Amino acid sequence: MTNLINISTSSLIKLSLRRLLLSSLLLIASSLALALPDDANQPISIVADSAIKDDKLGLTIYEGNVSITQGSLNILADKVTVFIVAEQVSKMVAIGKPASFKQQPNVDAKDVIAKADTIDYFILDKKITLTENALLNQGGSTLTGKVINYDLDDAKAKAEGGVQVVMQPVKTDPTESSTIDTDTTDNKKKGAQ
């Protein structure tokens, strides 16, 4: 009987860990889909050492200490190519060692920080692709891999190539666990009487 209880407890722990891992991955991915509501209505500010604009190709290339800001969104890179379609920014490609993307997903949340050698930000499609040395961090939990793709509308992420996840432990309220322990102890005492 003891072995059966140990096996069941072990299985429950493994199942709980799997659910926690899956939940954390989904939380990290979905956080990117929930940018501050006002971000899209903010102007895009770009600072760089140099810029070359090509109206025929519909792009502008910014080089040297590039910083792009729009609301809570911030992209830092060595080089950023901005693509314009129908007078609207449709895509940004940021290159650096690493390039970085940071955005606050909502008012009460910690910033989502993404880093990679190349960041493709498909603004109209609401997708982000991190390529080479890709990393996503929120609240100390990280997801890394060679390539990480995000579909912001569907809140889905796909990571490939040496994927690693590091999750921070869930903080519990010590008063809640002591209350549960006390209740269990009291029930045992009543049952023994």
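Residues numbered from 1 in each chain as written. Predicted model: local features only at pLDDT ≥ 70, side-chain atom pairs only at ≥ 80, totals over all residues. Heavy atoms only, no water.

**Quick word on the confidence of the model for the chain**
As a reminder, the rule being used: Per-residue confidence from the predictor is reported as pLDDT, a score between 0 and 100. Per the convention used, a helix needs a DSSP run of H or I reaching at least four residues, while a strand needs a run of E reaching at least two, with both numbered from the N terminus. Throughout, a residue-residue contact means that at least one pair of heavy atoms, one from each residue, lies within 4.5 Å.
Averaged over every residue, the pLDDT of the chain is 75; residues scoring 70 or more account for 66%. Predicted confidence in the chain is weakest over helix α1 (residues 2–33), with a mean pLDDT of 44, and strongest over strand β2 (residues 50–54), with 96. For residues 1–7, every residue scores under 50 in pLDDT, and the model assigns this stretch zero contacts once sequence neighbours within four places are set aside. Throughout residues 12–34 the model reports pLDDT below 50, and contacts reaching past four residues in sequence, or to other chains, amount to 29 contacts.

**Concerning the pattern of salt bridges**
Here is the rule: Any carboxyl oxygen of Asp or Glu that lies within 4 Å of a side-chain nitrogen of Lys or Arg is treated as forming a salt bridge with it.
In this structure the tally under the stated criterion is four salt bridges. As a salt-bridge pair, Lys97 and Asp117 come within 3.3 Å of each other at their nearest N and O atoms. Of this pair, Lys97 sits in strand β5 (residues 88–103) while Asp117 sits in strand β6 (residues 112–122), and the two are 20 residues apart along the sequence.

**What about the environment of Pro169?**
Here Pro169 is to be found in the loop between β10 (164–166) and α2 (174–192). Sequence-wise, Pro169 and Gly140 are 29 residues apart; in three dimensions their C-alpha atoms are separated by 9.9 Å.

**Observations concerning the side chain of Thr142**
Here is the rule: Three labels apply to residues, based on accessible area from a 1.4 Å probe with only protein chains included: buried if under 20% of the type maximum, exposed if over 50%, partly exposed otherwise in between.
Locating Thr142 in the fold gives a position in strand β8 (residues 141–151). With a relative accessible area of 14%, Thr142 lands in the buried category. Among all residues touching Thr142, those that are not within four sequence positions of it are Leu136, Asn137, Gln164, Val165 and Val166.

**Some thoughts on the packing of aromatic side chains**
In this description, an aromatic ring pair is defined by two values, namely the gap between the centres and the angle between the planes. Our working definition: Under the pairing criterion, centres of Phe, Tyr and Trp rings, with the six-membered ring standing for Trp, must be within 6.5 Å; the plane angle then separates stacked pairs below 30 degrees from edge-to-face pairs above 60, leaving the rest tilted.
For the structure shown, the criterion picks out one aromatic pair. Consider the rings of Phe101 and Tyr121, whose centres lie 5.6 Å apart with planes at 80°: the pair is edge-to-face. Of the two residues, Phe101 sits in strand β5 while Tyr121 sits in strand β6, which places them 20 residues apart along the sequence. The class of Phe101 is buried, set by a relative accessible area of 2%.

**Quick notes on unusual backbone geometry**
Of note, the amide linkage connecting Lys97 to Pro98 takes the cis form, showing an omega dihedral of 0°. Along the chain, Pro98 falls in strand β5. One non-glycine residue, Glu87, lies in the positive phi region at around 60°. Summarising the element assignment, Glu87 is placed in the loop between β4 (73–85) and β5. Assessed through its relative accessible area of 82%, Glu87 is described here as exposed. For Glu132, which is not a glycine, the phi torsion comes out positive at approximately 65°. With respect to the element layout, Glu132 can be found in strand β7 (residues 127–138). Given a relative accessible area of 34%, Glu132 falls into the partly exposed group.

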